[in-house]
Structure formats: C-alpha cells, structure tokens
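Given next are the chains, with one letter for each unit.
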Amino acid sequence: MLFLVISEPRPERPSDVAKARQGFWPWMETYQSQGICKHIYPRVGRGAVAIFDVESNEVLHRILNEWADIIPARFDTYPLVDLAATKAVLAAQVAGKTAEE
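First things first, this report covers the structure right here in the doc. (Residues numbered from 1 in each chain as written. Predicted model: local features only at pLDDT ≥ 70, side-chain atom pairs only at ≥ 80, totals over all residues. Heavy atoms only, no water.)

## Re the pairing of strand β1 (residues 2–9)
Residues Phe-3, Val-5, Ser-7 and Pro-9 point to one face of β1 and are all buried, whereas Leu-2, Leu-4, Ile-6 and Glu-8, pointing to the other face, are not buried. Inspection of the sheet shows β1 paired to strand β3 (residues 48–53) by five bridges, in the antiparallel sense. When the sheet's bridge partners are listed, Phe-3 is paired in β3 with Phe-52. Bridge analysis of β1 against strand β4 (residues 73–80) gives eight bridges, and the strand direction is antiparallel. Looking across to β4, one finds that Leu-4 is bridged to Tyr-78. (Buried < 20%, exposed > 50% of the residue type's maximum accessible area, 1.4 Å probe, protein only. Helix = DSSP H or I, 4+ residues; strand = E, 2+ residues; numbered from the N terminus. Pairing = 2+ DSSP bridges.)

## Re the pattern of salt bridges
Taken as a whole and judged by the stated rule, the model has three salt bridges. The shortest N-O distance in the salt bridge between Arg-74 and Glu-8 comes to 3.0 Å. A residue pair is termed long-range when its members are at least 10 positions apart, and Arg-74 in strand β4 and Glu-8 in strand β1 qualify at 66 residues. Given a relative accessible area of 44%, Arg-74 falls into the partly exposed group. Taking the shortest distance from any N to any O, the salt bridge between Arg-74 and Asp-76 comes out at 2.6 Å. Taken together, the shared-partner salt bridges connect Glu-8, Arg-74 and Asp-76 into one network. (Salt bridge = Lys/Arg side-chain N within 4 Å of Asp/Glu carboxyl O.)

## A few points about the side chain of Ser-56
Structurally, the position occupied by Ser-56 is in the loop between β3 and α3 (57–70). A polar contact of 3.2 Å, which involves the side chain of Ser-56, links it to the side chain of Glu-58. (Polar contact = N/O pair within 3.5 Å; in protein donor to acceptor, adjacent residues only side chain to side chain.)

## Observations regarding the nonpolar core
As a rule of thumb, nonpolar side chains are buried together in soluble globular proteins. Counting residues in each nonpolar core, the largest one holds 21 residues, and the members touching the most others are Met-28, Phe-52 and Trp-67. For this core, the secondary-structure elements that each account for two or more residues are β1, α2 (24–33), β2 (37–42), β3 and α3. Per element, the largest residue contribution to this core is six residues, and it comes from α3. (Core = buried A, V, L, I, M, F, W, Y, C linked by side-chain atoms within 4.5 Å.)

Right, dumping it as structure tokens:
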C-alpha cells in the first residue's frame, strides 16, 4: 500500500529540537534500506514529504508514531495508487470493461 505523508512539525524553535532532529535521518535510512520508504524530501523551512510502501495501515501507524517520537509533528496522509494499476483501470475503461473482467 502506497502512502504520501507530509509532516508539519510543531512550532518549536528549530534550535530547541536540533539534537532530537539529528536522529531522524539515521532512523529513516533503516526504512529506506528495507524498501519501505521509497522517497523522502525535506520541505523548505520545516517538515518532510515521504512515500511509503507498507503492508498495512498498522505498519504506517507504527512508523508515524516513531517519527513523532523523534520530531513531534502533524501528518497529512494520502493513499496512492500504483501507476501500473492506474494504467490497467484506464485501459479497461477504454475497452468498455471493468478492471475485474
């Protein structure tokens, strides 16, 4: 299951949480090396945008709770559809069929 996650850290002064933020990237590298975090980019100012490929909502929930332990934040999450699946649905629609047929 693919998800786009946008973090918006709490409004503490960045210098007040700088030490905790040092642990974020090494923590995220674990998920990147496992193929769970497909992409992650820091946002201009504060926060990050990430694409996760997880087995379940519970896995994503665990990851976001770990993330919030390192950098307290609010998360916007958006479920995504794999590009190949989208193309298959569109092709079926053009052919006048449903994806299940």
